[in-house]
Amino acid sequence: LTTDLLLVVHDSDLADGNCFDEGATVTVDIVMGAGSEVVIGGQFLLNYDPSCLAYEGIAGSAIFPMLIYEDASAGQVFAAVGVAPGGAGTQGPDVMATATFTKLGDCGECDICFGDENPQNTILTNDEGNSVPIAPSCSKLIRLNGDITLTAPYNFSVNPDCDMPTAIIT
């Protein structure tokens, strides 16, 4: 059976319940869903848009406290986590790691997705060292809070269309 692998964005830093302000911390949990095998570790290739997010770091979780490897470049993070020596692992659902980013300006929305470029595959490993089948996902869209100013003829004042720098004036 496949195990869901999710990217869950914390919403505690959302300014208005929908958007992140520029400079806000964006915290993303890497969560494995309930599975049929005990997982003792995993490696993740995360792809993100560096024009809207700046990578700050990644840490293991209570069950996967060992950060075994971390390599980051603009737009990609590759990391591996595992249980402590003698650790039991888990069948989930559990948080495997937490990545943090800073929200940058000059973009409307972006997301973070698992990548699958060889040799840096996103995989989970069972207690026998074998790969566990996964179903990876992307995060929900991360929105930037900001003001859009529209200049309209004849001193009209209107709200812009949702998520667009346009408006209809009648």
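For the structure, see preceding data.
Everything quoted here is computed from the prediction, not taken from an experiment.

Looking at the overall build of the protein
Consideration 1: In terms of helices and strands, the protein carries zero helices and 13 strands.
Consideration 2: Tracing the protein from N to C terminus, the helices and strands come up as β-β-β-β-β-β-β-β-β-β-β-β-β.
Consideration 3: Scored against the burial criterion, the 170 residues of the protein give a buried share of 36%.
Consideration 4: Taking the contacts inside the protein whose residues are at least 6 apart along the sequence as the reference set, 74% of them involve residues at least 24 apart.
Consideration 5: Counting every atom, the protein has about 9,100 Å² of accessible surface; 50% of that belongs to carbon and sulfur.

Describing the packing of aromatic side chains
Consideration 1: The full count for this structure, using the stated rule, is four aromatic pairs.
Consideration 2: Seen from their ring centres, Y48 and F101 are 5.1 Å apart, and the 65° between their planes marks the pair as edge-to-face. Here Y48 is found in strand β3 (residues 39-48), whereas its partner F101 is found in strand β7 (residues 94-103), with 53 residues between them in sequence. For the pair shown, Y48 and F101 are each scored as buried.

Some remarks on the environment of P50
Consideration 1: Secondary-structure assignment places P50 in the loop between β3 and β4 (53-60).
Consideration 2: Given a relative accessible area of 41%, P50 falls into the partly exposed group.
Consideration 3: Distance in space between the C-alpha atoms of P50 and G75 is 5.1 Å, their sequence separation being 25 residues.
Consideration 4: In this view, P50 contacts A74, G75 and L104; residues no more than four positions away in its chain are not counted.

Some remarks on the pairing of β3
Consideration 1: For β3, the buried fraction is high: seven of the ten residues fall into the buried class.
Consideration 2: Judged from the four bridges that link them, β3 and strand β10 (residues 123-126) form a sheet pairing that is antiparallel. Following the sheet pairing, G42 is matched in β10 by L124.
Consideration 3: Judged from the seven bridges that link them, β3 and strand β6 (residues 76-82) form a sheet pairing that is antiparallel. Residue pairing in the sheet places G42 in a bridge with V81 of β6.

So, the sheet that holds β7
Consideration 1: Pairing is mixed across the open sheet formed by five strands, whose spatial order is β4-β7-β2-β1-β12. Looking along the sheet, the strands with just one partner apiece sit at the ends: β4 and β12 (134-136). Taken pair by pair, the neighbouring strands of this sheet meet at an average axis angle of 20°, ignoring direction.
Consideration 2: Summarising the sheet, strand β2 (residues 25-32) and β7 pair through eight bridges and their orientation is antiparallel. Bridge pairing in β7 places T27 opposite T100.

Procedures and definitions
Residues numbered from 1 in each chain as written. Predicted model: local features only at pLDDT ≥ 70, side-chain atom pairs only at ≥ 80, totals over all residues. Heavy atoms only, no water. Helix = DSSP H or I, 4+ residues; strand = E, 2+ residues; numbered from the N terminus. Buried < 20%, exposed > 50% of the residue type's maximum accessible area, 1.4 Å probe, protein only. Contact = heavy atoms within 4.5 Å. Areas by Shrake-Rupley, 256 points an atom, 1.4 Å probe, with all protein chains shown as cover. Phe/Tyr/Trp six-rings, centres within 6.5 Å; stacked < 30°, edge-to-face > 60°. Pairing = 2+ DSSP bridges. Axes fitted to C-alpha atoms, helices over the stretch in contact; angles between N-to-C directions.

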